[in-house]
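If you want the building blocks of each chain, they are given just below.
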Amino acid sequence: MKAETERLAEHTWLKIGGPAEVATPESRSEFVDLLAECHERGREYRILGGGSNLLITDAGLDELVIKSTDACTDFEVDGSEVQVGASMMIPQFVKRCVDDDLGGYEYLYSVPGTVGGGIYMNAGRGRSYGLTISDHLTGVEVLVDGEVRTFEKSELQFEHRWSTFHDHDDWVILSATFDMPEQPAEKGNELIKERMSKVGERERGQPNAGSVFKSGSRLPIHKIPPNGLSVDGARFVSGNRVCHDGNATFDDVYRLVKRAAFLHRIMPPFEKPVIEWEIWQ
Ligand SMILES: Cc1cc2nc3c(=O)[nH]c(=O)nc-3n(C[C@H](O)[C@H](O)[C@H](O)COP(=O)(O)OP(=O)(O)OC[C@H]3O[C@@H](n4cnc5c(N)ncnc54)[C@H](O)[C@@H]3O)c2cc1C
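Not measured: the values here are computed from a predicted model.

Draft legend 1. Molecular detail of the nonpolar core. The biggest cluster of nonpolar side chains holds 35 residues, and the ones touching the most others in it are F93, Y105, L108, I119, V140, F165 and F178. Of all the elements in the fold, those that place two or more residues in this core are β7 (81-85), α2 (90-99), α3 (115-121), β8 (137-144) and β12 (172-179). Ranked by residues supplied to this core, first place goes to α2 with 5 residues. Residues A248, F250, L263 and W277 belong to the second largest nonpolar core, which totals 22 residues.

In structure tokens, the structure reads:
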């Protein structure tokens, strides 16, 4: 399948990332064939979803980047069981469930990633809410060493912004099955509206990648004068979000995050924050 050299900045919410060969399979079979080809030839690859949790080096990557957003977009409902392709965007998945009188994930409507990226990250609400995409998950279809395998949820592990898939970076999520609670569409649509009015246009105006650290930070580093802890055009706009003016480099953002982590370690309440973003370098 054809791959083009592209700047990964064009595929990420942070708008940072150098050149790489990018292939964009347009169907599940193209996706699976491409992965099989990579497997046979020993070609290394990375799976790109919505690019909403990634900080990528300006130096670019040698691996083939497989943009998965157009590959597995199916959606099937049978009673309360929903099977969804890993490429479907989470807001679309949530809305489709709501329209089928199924609920429970309206709070995820603001997450701009794919279902596959969401499962990989175990996306959810803040730690104190204890709500994640794995709550109603029953199984995941995964490509492992060129073979399609189906895992029951009990065979996988999920923790705060972590899943078994972090230990198996060559596994590729193809689809997932959920058992969703019934809920009238009207109620679901209300909950989506509520969620979106809470989030508003929060951090969507400037390049960012959601929460920087896995735990909400208790240090007000965004209040450090004059405009919050910053490195060139990149700065903390809240205790746990970095935005930049469009010109920041990988090094600017990386240095900023490391500096913030250092401040957390040396200032009360002396936390050791874990970075939530995936860093590709
Ligand atoms: C404005 C904004 C708001 C956000 N709000 C939230 C929030 O409320 N809660 C939250 O949890 N997160 C939030 N995030 C972070 C992000 O949206 C989530 O982590 C999301 O799940 C990432 O999905 P993605 O498809 O964009 O993955 P990417 O960023 O493209 O990739 C992340 C990781 O997932 C892997 N991956 C992607 N697809 C697959 C697949 N099919 N198979 C195997 N691995 C795969 C990638 O290889 C990579 O390692 C937010 C981000 C932004 C920019």
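The structure having been displayed, the exposition proceeds.
Draft legend 2. Just a negative patch on the surface, in detail. The grouping of D74, E76, D78, E81 and D179 at the surface amounts to a negative patch. Assignment of secondary structure puts E76 in strand β6 (residues 75-78).

Draft legend 3. Quick look at the site of the ligand. Around the ligand there are 32 residues in total, and I47, G49, S52, T114 and G124 lie nearest to it. At a separation of 2.6 Å, an oxygen atom of the ligand approaches a polar backbone atom of I47. Taking S52, its side chain carries an N or O atom lying 2.6 Å from an oxygen atom of the ligand. Of all the secondary structure elements, the ones that give two or more residues to the shell around the ligand are β3 (45-48), α3, β12 and β16 (278-280). Ranked by residues supplied to the shell around the ligand, first place goes to α3 with 5 residues. Looking at side-chain class alone, the shell around the ligand contains 15 nonpolar, 13 polar and 4 charged residues.

Rules and cut-offs
Residues numbered from 1 in each chain as written. Predicted model: local features only at pLDDT ≥ 70, side-chain atom pairs only at ≥ 80, totals over all residues. Heavy atoms only, no water. Core = buried A, V, L, I, M, F, W, Y, C linked by side-chain atoms within 4.5 Å. Buried < 20%, exposed > 50% of the residue type's maximum accessible area, 1.4 Å probe, protein only. Helix = DSSP H or I, 4+ residues; strand = E, 2+ residues; numbered from the N terminus. Patch = residues over 30% accessible without salt bridge, like charges linked within 9 Å, V, L, I, M, F, W, Y side chains within 5 Å. Areas by Shrake-Rupley, 256 points an atom, 1.4 Å probe, with all protein chains shown as cover. Salt bridge = Lys/Arg side-chain N within 4 Å of Asp/Glu carboxyl O. Lys, Arg positive; Asp, Glu negative; His and termini not counted. Charge placed at Lys NZ, Arg CZ, Asp CG, Glu CD. Near = heavy atom within 4 Å. Polar contact = N/O pair within 3.5 Å; in protein donor to acceptor, adjacent residues only side chain to side chain. Nonpolar A, V, L, I, M, F, W, Y, C, P; charged D, E, K, R; others polar.

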